[in-house]
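Architecture and fold: a report
Below, each chain spelled out in residue letters.
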Amino acid sequence: MKLNLANRLTILRIFMIPVFMIFLLNKIPYGVPIAAFIFILAALTDTLDGYIARKRNQVTTLGKFIDPLADKLLVSAALISLVQMGELSAWVVVIIISREFTISILRAVAASEGTVIEASWWGKAKTITQIIAIIAILINNFPFSYIGFPFDQIMVLLAVIFTIISGIDYLKLNMHILTKE
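Since this is a predicted model, take the numbers as computed values, not measurements.

Counted under the stated rule, the structure contains 7 salt bridges. Among the ionic pairs, D67 bridges to R13, the shortest N-O distance being 2.6 Å. With D67 in helix α3 (residues 61-84) and R13 in helix α1 (residues 5-25), the pair connects residues that are 54 residues apart, well separated along the chain. A salt bridge links E100 to R99; its shortest N-O distance comes to 3.2 Å.

Below is the structure:
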């Protein structure tokens, strides 16, 4: 099987996850800033691979499977690592990962019924706020730490709010899939 560029970028994102975690969780000189840079690059590949797939009309079944998987793995790895480092409360991660499992299962059930659940505006806002929150924590709330503004914590709160709202929105709009007999 020959992989197109979009799928290669997605697979690259998956391979970047352990590299990100090695730099983040080990006492390597400049490890955290390097990890932040790797996380930002990985997050950017998500935007790039989707753009390339649509622009070149190369959307594939493999891409539909591995792209959301890569996204969830990257964000989950970062969140769990931040809990381990004492930089993030576990309850935040439980809410975010619970929503991801719930919506992934909903999508799988919908797919088995021949229905595709498209990403919503709330889902996209959730992803963006989660990524910004993670980056803000990774870079130690720079530059806001100089003025005592808790931008990182505000972004975490927004990420949790958008995570909950998007989860409720997906469930509300697609409850008919779960209540079919």
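The next thing to look at is the side chain of N141. Residue position: N141 is located in the loop between α5 (121-138) and α6 (151-178). A relative accessible area of 7% places N141 in the buried class. In terms of polar contacts, N141 uses its side chain to reach the backbone amide nitrogen of F151, at 3.5 Å. Discounting chain neighbours no more than four positions away, the residues touching N141 are A136, F149, P150, F151 and D152.

Viewed as axis vectors pointing N to C, helix α2 (residues 31-55) and α3 meet at an angle of 160°, and their least axial separation amounts to 11 Å. In terms of axis orientation, α2 runs roughly antiparallel to α3. Crossing angle aside, the handedness with which α2 passes α3 is left-handed. Every residue of α3 that contacts α2 at F39, A42, A43, D46 and D49 is listed here: D67, D71, L74 and A78.

Moving on, we get to the nonpolar core. Of all hydrophobic cores here, the largest spans 31 residues; its most connected members are F20, F39, L79, L88, I134 and L138. Taken domain by domain, this core gets at least three of its residues from each of domain 1 (1-87) and domain 2 (88-180). Leave out the neighbours within four places in its chain, and F39 touches F20, L74, A78, I131, I134, I135 and L138. Counting 6 residues, the second largest nonpolar core, distinct from the first, contains L106, A110, I117 and Y170.

About the cut-offs
Residues numbered from 1 in each chain as written. Predicted model: local features only at pLDDT ≥ 70, side-chain atom pairs only at ≥ 80, totals over all residues. Heavy atoms only, no water. Salt bridge = Lys/Arg side-chain N within 4 Å of Asp/Glu carboxyl O. Helix = DSSP H or I, 4+ residues; strand = E, 2+ residues; numbered from the N terminus. Buried < 20%, exposed > 50% of the residue type's maximum accessible area, 1.4 Å probe, protein only. Polar contact = N/O pair within 3.5 Å; in protein donor to acceptor, adjacent residues only side chain to side chain. Contact = heavy atoms within 4.5 Å. Axes fitted to C-alpha atoms, helices over the stretch in contact; angles between N-to-C directions. Parallel < 35°, antiparallel > 145°, perpendicular 65-115°, else oblique. Left-handed = near helix turned anticlockwise from the far one by under 90°. Core = buried A, V, L, I, M, F, W, Y, C linked by side-chain atoms within 4.5 Å. Domains from an automatic or database assignment.

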